[in-house]
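# Commentary on secondary and tertiary structure
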Amino acid sequence: MVERADINSLLSQMRAIRAEIQQGPSPVEMQIPGVRKAGEAGISKTESSSFAALLKGAVDKVNEHQLQASRLREAYERGDPSVDLPQVMIQAQKASVSFQAMTQVRNRLVAAYEDIMKMTI
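As the structure is a prediction and not an experimental result, all values here were calculated from the model.

The next point concerns the overall build of the protein chain. Helix and strand content of the protein chain: three helices and zero strands. Listed N to C, the secondary structure of the protein chain is α-α-α in terms of helices and strands. When the 121 residues of the protein chain are sorted by exposure, 12% land in the buried category. Within the protein chain, residue pairs in contact and separated by at least 24 positions form 54% of the contacts whose partners lie at least 6 positions apart.

Turning our attention to the pattern of salt bridges. All chains considered together, the criterion is met by three salt bridges. Close ionic contact of Glu77 with Arg73 constitutes a salt bridge, the shortest N to O distance being 3.5 Å. In this pair, Glu77 and Arg73 are both assigned in helix 2 (residues 45-78), four residues apart and thus about one turn of the helix distant. For Glu77, a relative accessible area of 57% translates into the label exposed. By relative accessible area, which is 39% here, Arg73 ends up partly exposed.

Below, the discussion takes up the confidence of the model for the protein chain. Overall, the predicted model of the protein chain reaches an average pLDDT of 78, with 72% of residues at or above 70. Looking over the protein chain, one finds the lowest element-wise mean pLDDT in helix 1 (residues 2-23), namely 67, and the highest in helix 3 (residues 85-118), namely 92. A low-confidence stretch, residues 26-40 stays under pLDDT 50, and its non-local contacts, those more than four residues away or across chains, total 19 contacts.

This next bit is on a nonpolar patch on the surface. A surface patch of nonpolar side chains, about 360 Å² in accessible area, is lined by Phe51, Leu54, Val105 and Leu109. At the level of elements, helix 2 and helix 3 are the ones that each hand at least two residues to the nonpolar patch. Checked against the element boundaries, Leu54 lands in helix 2.

The next subject is the side chain of His65. Tracing the backbone shows His65 in helix 2. Beyond its immediate chain neighbours, meaning those up to four positions away, His65 contacts Ile17, Gln91, Lys94, Ala95 and Ser98.

Below, the discussion takes up the environment of Phe99. Counting through the fold element by element, Phe99 comes out in helix 3. Along the primary structure Phe99 and Val59 are separated by 40 residues, whereas in three dimensions their C-alpha atoms are 8.8 Å apart. If sequence neighbours within four positions are ignored, Phe99 has contacts with Val62 and Gln66.

This part is about the side chain of Gln91. Note that Gln91 resides in helix 3. Not counting residues within four places of it along the chain, the set of residues in contact with Gln91 comprises His65, Gln68, Ala69 and Leu72.

Thresholds applied
Residues numbered from 1 in each chain as written. Predicted model: local features only at pLDDT ≥ 70, side-chain atom pairs only at ≥ 80, totals over all residues. Heavy atoms only, no water. Helix = DSSP H or I, 4+ residues; strand = E, 2+ residues; numbered from the N terminus. Buried < 20%, exposed > 50% of the residue type's maximum accessible area, 1.4 Å probe, protein only. Contact = heavy atoms within 4.5 Å. Salt bridge = Lys/Arg side-chain N within 4 Å of Asp/Glu carboxyl O. pLDDT = per-residue confidence, 0-100. Patch = residues over 30% accessible without salt bridge, like charges linked within 9 Å, V, L, I, M, F, W, Y side chains within 5 Å. Areas by Shrake-Rupley, 256 points an atom, 1.4 Å probe, with all protein chains shown as cover.

The following block contains the structure:
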């Protein structure tokens, strides 16, 4: 019966994460020298801030997963009775997977940037 409760709690956590992803992060403006500001000709305010907000939200989420995994690991090492080993391992895997995904996104962005820089005008 304990396994069933763990599965249900894991499913509820997955649903909560999916709901957070669907809501999206709050818009954040990013100022980059040499790039037109939002509201200027050709770029709407939502277009300029949506990508920056999405990227910042993803990095923050990865950081949050890593911090939470670290806190759980330390609590388990201290012998906190409210922290179980499966809970620690699941959070560590979440942190690992989210970091690997973020690394792949970064690699794709760098490759896209390099492709754009190689283009002739």
